[in-house]
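# Structure assessment
Here's the letter readout for the chains.
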Amino acid sequence: MKVLVLNCGSSSLKFRIYQMDREELLAGGLVERIGFDDARMIYRPVGRESLEKTLPVKDHEKAIDLVLKTLIHPDTGILGNILEIEAVGHRVVHGGEEFTGSVAINEAVLERIKACVKFAPLHNPPNIKGIQASFWLIPFARQVAVFDTAFHQTMGPEAFIYGLPYEWYKVHRIRRYGFHGTSHQFVAHKAAEILEKPFKSLKIITCHLGNGSSITAVRHGESVDTTMGFTPLEGLVMGTRCGDIDPAIPLHRMEEDQLTPSQMDALLNKKSGLAGITGGDNDLRTIEEKAAKGSERHQLALEVFTRRIKKYIGAYAAVMGGIDALVFTAGIGENSDTVRRMVCEGLEFLGIEMNETANRNHKTRISDGKTSVLVIPTNEELAIAEEVIEVLERENQLVK
Ligand code: AMP
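First, a word on scope: everything that follows refers to the structure included in this document. As the structure is a prediction and not an experimental result, all values here were calculated from the model.

## Comments concerning the site of the ligand
Lining the immediate environment of the ligand, one finds G210, N211, N282, D283, L284, R285, A330, G331, I332, N335 and S336. Contacts to the ligand include I332, whose backbone N or O atom sits 3.3 Å from an oxygen atom. N335 has a polar side-chain atom sitting 3.4 Å from a nitrogen atom of the ligand. If the ligand stood free it would expose 510 Å²; the protein chains cover 70% of that surface. Taken together, the elements giving at least two residues each to the shell around the ligand come down to α10 (284-292) and α12 (330-335). With 4 residues, α12 is the single largest residue contributor to the shell around the ligand. When the residues that make up the shell around the ligand are grouped by side-chain class, the tally is 3 nonpolar, 6 polar and 2 charged.

So this is what it looks like as structure tokens:
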């Protein structure tokens with residue numbers, strides 16, 4: 001079965017198409033600057049030459065149409081016919097408390113996804129546009145929604161309730177939701193496979209460290225706590241997001257500088273984190289380079305970043321009553337041996353004894369201690385395609 005995976009951002013569309021019988025990637029790419037006359041499409045068919053085009057793309061529907069036309073084009077295409085696409089998996093950022101897993105989309109489900117827009121006003125609307133365009137352009141395919149929040153719906157209230165007026169939860173559903181769920185679930189599963197142990201027998205801490213970063217405690221196959229909260233702003237220090245801070249700080253600055261909520265929102269989301277500390281650099285490669293050349297602020301950014309990660313590893317080992325495996329994934333987690341070394345330093349009391357050579361060589365297993373430390377590449381698109389297959393198989397079972 002061929003599954004198209006769509007990830008629609010506010011002005012971008014990332015796509016991949018898989019032949020899922022063999023879990024084989026056929027092509028992928030992206031359209032960026034949607035809404036502009038100089039939008040750009042990058043198309044990468046596996047085993048063939050990539051294609052780049054600059055052209056006007058009015059909206060997400062036009063972007064999906066462009067991708068479909070490219071996929072069936074006699075020169076560039078990898079499909080003989082658009083009907084070969086049997087299912088489409090849509091990444092949806094926020095599923096609120098409505099969605100505890102992936103679902104096949106119908107009109108009623110789409111209405112429920114729309115009801116979650118209030119939780120992610122920037123992210124869910126483009127996801128919904130992608131779904132609507134896909135229903136219109138690929139009506140013969142099954143459409144499945146896969147939520148960033150769903151994996152964390154197993155958290156108990158002791159993990160998701162904030163120390164705020166309880167009515168805020170009851171009336172406004174203000175609580176910890178957590179994000180990056182597809183990635184945490186994917187790498188936790190892979191960790192169990194690598195360790196050849198049942199997923200449900202393990203205590204795993206997954207560190208998704210990219211431009212956005214989060215950590216999850218996965219006990220016996222379920223997320224029991226995670227660092228991101230009501231929004232993806234909480235938790236770790238990230239590329240441009242502040243992560244955990246004293247909530248009185250923004251109130252103080254808003255009053256002193258007469259800032260509006262949206263100005264403060266931009267400061268916390270776009271001007272803080274590593275970029276805030278270094279004075280503009282949020283790319284970890286640059287930060288490592290400048291720290292190595294003696295920049296104290298860049299060195300400080302690295303230390304603040306890794307200390308926060310270490311604190312959460314300790315916290316989650318305590319919450320789970322131990323740890324069998326620590327997993328590093330995403331851009332930084334997969335590539336930065338420096339970050340992994342700094343995080344693991346001093347964690348010997350948790351059974352973490354880093355093998356320096358294995359770490360430098362980016363091996364899968366990088367600890368000699370009783371706790372496994374694993375470097376596992378995440379693949380959110382493949383995880384979404386796998387979810388699509390699972391949802392459709394479940395539905396077929398019900399029909400039988
Ligand atoms: P992601 O959001 O998962 O794409 O990750 C982006 C982050 O990964 C950026 O901060 C990059 O600097 C970082 N990154 C990618 N490659 C490397 C590398 N080889 N060494 C250190 N950091 C890297």
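Once you've had a look at it, read on.
## Some points on the sheet that holds strand β10 (residues 213-219)
The strand order across the open sheet formed by 5 strands is β11-β10-β9-β12-β13, and the pairing between neighbours is mixed. Strands at the two margins of the open sheet, each flanked by one partner only, are β11 (222-226) and β13 (372-375). The mean inter-strand angle of the sheet, taken between neighbouring strand axes irrespective of direction, is 25°. Relative to β10, strand β9 (residues 203-209) runs antiparallel, the two being bridged by 7 bridges. Within the sheet, the bridge partner assigned to C207 lies in β10 and is I215. Contacts from helix α6 (residues 181-195) reach β9, β10, β12 (325-329) and β13, with the element oriented near 130° to β9. The strands touched by helix α13 (residues 337-344) are β9, β12 and β13; relative to β12, the strand with the most contacts, the crossing angle is about 150°.

## A few points about the packing of aromatic side chains
Evaluation of the coordinates by the stated rule reveals 8 aromatic pairs. Ring centres 6.3 Å apart and planes at 90° place the aromatic pair F119 and F230 in the edge-to-face group. Of the two residues, F119 sits in the loop between α2 (107-115) and α3 (124-137) while F230 sits in the loop between β11 and α7 (248-257), which places them 111 residues apart along the sequence. Judged by relative accessible area, which is 10%, F119 ranks as buried. Residue F230 is classed as partly exposed on the basis of its relative accessible area of 26%. Ring-pair connections join several aromatic residues into one group, and the members of that group are F119, Y177 and F230. Above the plane of the ring of F36 lies R33, whose end atom (NZ or CZ) is 4.3 Å from the centre.

## Thoughts on the nonpolar core
Judged by nonpolar contacts, the single largest core of 37 residues is most densely connected at I205, C207, I309, I313 and L326. Of all elements in the fold, only β9, β10, α10, α11 (296-320), β12, α13 and β13 reach the threshold of two or more residues within this core. Tallying contributions element by element places α11 first for this core, with 9 residues. With 31 residues, the next largest nonpolar core counts V3, V144, F186 and A385 among its residues.

## Observations concerning the packing of α7 against helix α8 (residues 261-270)
Where α7 meets α8, the axes come as close as 11 Å, and the angle between the chain directions of the two elements is 130°. Taken as axis vectors, α7 and α8 run oblique relative to one another. α8 is crossed by α7, and the crossing has right-handed handedness. Judged by residue contacts, P250, R253 and M254 of α7 engage P261, M264 and L268 from α8. Split by residue class, the contact of α7 with α8 holds 5 nonpolar, no polar and 1 charged.

## Focus on the side chain of T278
By the secondary structure assignment, T278 is in helix α9 (residues 273-278). Here the side chain of T278 touches A275 through a polar contact of 3.4 Å, landing on its backbone oxygen. In this structure T278 touches I287, R297, H298 and A301, once residues within four positions along its chain are discounted.

How each quantity is defined
- Residues numbered from 1 in each chain as written.
- Predicted model: local features only at pLDDT ≥ 70, side-chain atom pairs only at ≥ 80, totals over all residues.
- Heavy atoms only, no water.
- Near = heavy atom within 4 Å.
- Polar contact = N/O pair within 3.5 Å; in protein donor to acceptor, adjacent residues only side chain to side chain.
- Areas by Shrake-Rupley, 256 points an atom, 1.4 Å probe, with all protein chains shown as cover.
- Helix = DSSP H or I, 4+ residues; strand = E, 2+ residues; numbered from the N terminus.
- Nonpolar A, V, L, I, M, F, W, Y, C, P; charged D, E, K, R; others polar.
- Pairing = 2+ DSSP bridges.
- Axes fitted to C-alpha atoms, helices over the stretch in contact; angles between N-to-C directions.
- Contact = heavy atoms within 4.5 Å.
- Phe/Tyr/Trp six-rings, centres within 6.5 Å; stacked < 30°, edge-to-face > 60°.
- Buried < 20%, exposed > 50% of the residue type's maximum accessible area, 1.4 Å probe, protein only.
- Lys NZ or Arg CZ within 6 Å of the ring centre and 35° of its normal.
- Core = buried A, V, L, I, M, F, W, Y, C linked by side-chain atoms within 4.5 Å.
- Parallel < 35°, antiparallel > 145°, perpendicular 65-115°, else oblique.
- Left-handed = near helix turned anticlockwise from the far one by under 90°.

The values are spatial; any link to function lies outside them.
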